[in-house]
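# Breakdown of the fold
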Amino acid sequence: MAAIIEVQDLKRHYPMGHTVVRALDGVSFAVQPGEFVGLLGTSGSGKSTLLNLIAGLDTPTSGRLKIFDQNLDQMSREQLSLHRRKNVGIIFQSFNLIATMTALENITLALMFAGMPRVEREQHAANLLRAVGLSDRAAHRPSELSGGEQQRVSIARAMANSPAILLADEPTGNLDSKTAKEILDILETLNRQEGKTIVMVTHDAVLATRYAHRIIQLSDGQIVANGTSHEPAGGTA
Amino acid sequence: MIFSDVTRLAVRNLREAKLRTTLTSLGVAIGIASLVGMVSLGVGLQELTVGQFKKSGIFDSITVFPENRAFRRGGPMRMGRRAAENKAPEPSKPPEPLDDKAVQKLSALPNVREVYPNLRLPVEVKYENFSEFASALGIPLSSRGEGVFQKITYGSFFNNDTDDACLLSMDFARNMTSEDPKNLIGKTLSLGYASAMDIAGALANLPMGGMNVQRVEKKFTILGIIEREPGPNFGGGLFSSVMIPLKKAEDAGATDFTNPQALLQGLSNKKSYMMITVRVRRMQDTEDVEKKIKDLGFNAFSINDALQGAKKAFLILDVLLGLIGSIALAVASLGIVNTMVMSILERTREIGVMKAIGGSDWDIRKIFFVEASLIGLVGGVVGVVLGWSVDKIIGFAANFYVTRQGGTPAQMFFTPWWLVLGGIGFSILVSFLAGSYPANRAARIDPIKALRHD
Ligand SMILES: Nc1ncnc2c1ncn2[C@@H]1O[C@H](COP(=O)(O)OP(=O)(O)OP(=O)(O)O)[C@@H](O)[C@H]1O
Ligand SMILES: [Mg+2]
């Protein structure tokens, strides 16, 4: 089966005065469709940098980055925005919901960018909210929602345009362990039932090994381990 | 993203910052109000002036003068001077005299309806104890209902050119009597004038060379009194203190005594006129006929010339007033830039989120452009209403003052529909342009940095 994400000698350097910060320094790996990959590593190891490159939020200094056989490293800003809209859904540690919009509006916003007509997108957003168990919170603003609820809205938003890939950057970083499990269960369901390919950044090795099929470990911008998780996914808490 | 959604988001954003939006729009409104107010003043003054032209003159008439150097140095018609300078006379050729032959030549031109000389007769007007020298002007009967004769204040226009009837100007009528000038209608006054007749050598010792100047006194019935509004008077604007039918002036054997050239030519037994009026069939013929008259070697002037000149002058005035009015708008547009940049700083993270969930640079740019344009639209509409209201108030106050000082009220401000639409359109345009810097800045925001922003 052809890889859905293919990374080859990917580098992202930040020139800082006279020195260069090598946030990502020659990373190569591939992700198959339907895989749940955990990105592990200490703080500053380059996890977010890698995820942002796959998301098309950032462009690499050098190397190859292919999604669905499309070269992201050669895309224009306009093409990258299309990639973000169609291919990937992003979930952040700090949720990043728009504070002045209700849960439903936060989801319809993503559908607006895709040009979906109003009635249709409101219906669709309501369905997505139901899927994450938040039908009764549709009219609430983020400030009126708990962390776990906010993260569920943000998952619903990431799913809005039915992307094949979900990218999550420490999605449970701001949540207690019980809520974290609920969120990861939702991601696991999406992976299993809808076949979403998931790349999740975490520095919690226990959670990573429990949910991910495979763990890629980064250190100082390089891959130090890339192997199948031994613990069965969804194991006992 | 479809346009209605862009607008929806823009409206949302503006609503989120109500106070800021209101203040910024108000700034734009004041800018547009000052612009519309100023241009309304320019347009109002222009309308007033053009209105005066229309009242005082006849648009299908051309005044013809002899091509004359003395005239060029500043004749009685200042506006005519420019027309004369356009075509310098050839020094070798003597100027074409404005005589009966000239009348025939002018009558023969295509599209000419009527040609008549402008005869002014110095007269002594006597009425009861009143006596004053004035100039009596010969009026062709075809002038009925035209120019100043559109409105005869008291009485009526000449019925025919056989009756000894006259029209008076209101000023002159007021001088004649201490009563209401209205009562003069139907009364009789006497005009004393010198009639120049050639009597071959019979009375050689009389003054003025070979001419026999004979004093004649004749009774005329006062048929009408005309109040003329102040304003320019030229072109076909026939008006004088005393007006008699043209035929009567001709019968009086009147040589134009105000024309020294005519006096000289009188010596050689040839009558010539100071001015001849040519009436064309349709107004649009004026220019063409005027050119033909000039080609004949005369000097010609029409109210159209003056009107075109005045319109040009007013265009400059409008632009100047517009520029002054735009100063406030320029300041307001800086306000838009400021507001939008502030809003971008506040919403940086939001812009980052929008990009992360699929918003393109153009989507972001459009949102900010529409926000700026909406400020322009609201500011424009409010500004036009505001400018119009302020004009009304100033106009009302000014007229109140003018009326109390005994003047006639006039509409100084005029806001035509094109100014209303133009004002709103300009407001949107300026706001759009002011929004272009913030919009581009927002569009170029790096989503990663923006997402890290608090
Ligand atoms: N814009 C930037 N300019 C300079 N250096 C940067 C920039 N962004 C990231 N870095 C550096 O790149 C390195 C990797 O950063 P990254 O955010 O990918 O780490 P991370 O693995 O996600 O860490 P954490 O677990 O703390 O989130 C860090 O050393 C960071 O300082
Ligand atoms: Mg990180």
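Residues numbered from 1 in each chain as written. Chains lettered and ligands numbered in written order. Predicted model: local features only at pLDDT ≥ 70, side-chain atom pairs only at ≥ 80, totals over all residues. Heavy atoms only, no water.

Turning next to the site of ligand 1. The environment of ligand 1 is formed by 14 residues, the closest being A:Ser43, A:Gly44, A:Lys47, A:Ser48 and A:Thr49. Residues close to ligand 1 are split across chains A and B. With respect to ligand 1, the backbone of A:Gly44 contributes an N or O atom lying 2.8 Å from an oxygen atom. For ligand 1, the protein covers 69% of the area, taking 640 Å² as the surface of the free molecule. Mapped onto the shell around ligand 1, the elements with two or more residues apiece are β1 (5-16), β2 (19-31) and α1 (47-55) of chain A. Ranked by the residues each element gives to the shell around ligand 1, the list is headed by α1(A), at three residues. Of the residues belonging to the shell around ligand 1, the class tally is four nonpolar, seven polar and three charged. (Near = heavy atom within 4 Å. Polar contact = N/O pair within 3.5 Å; in protein donor to acceptor, adjacent residues only side chain to side chain. Areas by Shrake-Rupley, 256 points an atom, 1.4 Å probe, with all protein chains shown as cover. Helix = DSSP H or I, 4+ residues; strand = E, 2+ residues; numbered from the N terminus. Nonpolar A, V, L, I, M, F, W, Y, C, P; charged D, E, K, R; others polar.)

Another point: the sheet that holds strand β4 (residues 62-67) of chain A. Residue and element names in this part refer to chain A. Across the sheet, which stays open at both edges, the four strands sit in the order β2-β1-β4-β5 with antiparallel pairing between neighbours. Of all strands in the sheet, those with a lone pairing partner are β2 and β5 (70-71), marking the two edges. Relative to β2, β1 runs antiparallel, the two being bridged by 10 bridges. Within β2, the residue paired with methionine 16 across the bridge is threonine 19. (Pairing = 2+ DSSP bridges.)

Residue and element names in this part refer to chain B. Averaged over every residue, the pLDDT of chain B is 82; the share at 70 or more is 83%. Put simply, helix α3 (residues 69-72) is where chain B has its lowest mean pLDDT, 44, and helix α11 (residues 348-356) is where it has its highest, 95. Taken as a whole, residues 69-85 scores under 50 in pLDDT and shows 25 contacts with residues more than four places along the chain or in a different chain. Segment residues 265-269 is flagged for pLDDT under 50; beyond a separation of four residues in sequence, or across chains, it makes eight contacts in the model. (pLDDT = per-residue confidence, 0-100. Contact = heavy atoms within 4.5 Å.)

We now examine the interface of chain B and chain A. Every contact between the two is made by 26 residues of chain B and, on the other side, 26 residues of chain A. Taking both partners together, chain B and chain A bury about 2400 Å²; carbon and sulfur atoms supply 57% of that area. Counting across the chain B and chain A interface gives five salt bridges. Of the charged contacts in the structure, one is a salt bridge between A:Arg121 and B:Asp5, with a shortest N-O distance of 2.7 Å. Taken together, the connections running from chain B to chain A amount to eight residue pairs in polar contact (both at pLDDT 80 or more). When residues of the side of chain B that touches chain A are traced back to their parent elements, those giving at least two are α1 (3-16), α11, α12 (361-404) and α14 (447-452) of chain B. Sorting elements by how many residues they give to the side of chain B that touches chain A places α11(B) first, with six residues. Here the residues of the side of chain B that touches chain A sort into 12 nonpolar, three polar and 11 charged. (Buried area = accessible area lost by both parts, 1.4 Å probe. Salt bridge = Lys/Arg side-chain N within 4 Å of Asp/Glu carboxyl O.)

Let us now look at the nonpolar core. Core analysis: the biggest nonpolar cluster contains 110 residues, and A:Ile5, A:Leu109 and A:Leu187 have the highest contact counts within it. For this core, the element with the highest residue contribution is α12(B), accounting for nine residues. Not counting residues within four places of it along the chain, the set of residues in contact with A:Leu109 comprises A:Ile98, A:Met101, B:Leu9, B:Met354 and B:Ile357. (Core = buried A, V, L, I, M, F, W, Y, C linked by side-chain atoms within 4.5 Å. Buried < 20%, exposed > 50% of the residue type's maximum accessible area, 1.4 Å probe, protein only.)

The next point concerns the pairing of strand β7 (residues 165-169) of chain A. All names here are of chain A. The buried fraction of β7 is high, at five of five residues. The alternating pattern of β7 places Ile165, Leu167 and Asp169 and Leu166 and Ala168 on opposite faces, both of which are buried. Sheet analysis places strand β6 (residues 88-91) next to β7, joined by four bridges and oriented parallel. Counted as the bridge partner of isoleucine 90 is leucine 167 from β7. Regarding topology, helix α6 (residues 177-193) serves as the crossover connection from β7 to the parallel strand β8 (residues 197-201), and that connection is right-handed. (Right-handed = clockwise from strand over helix to strand, strands pointing away.)

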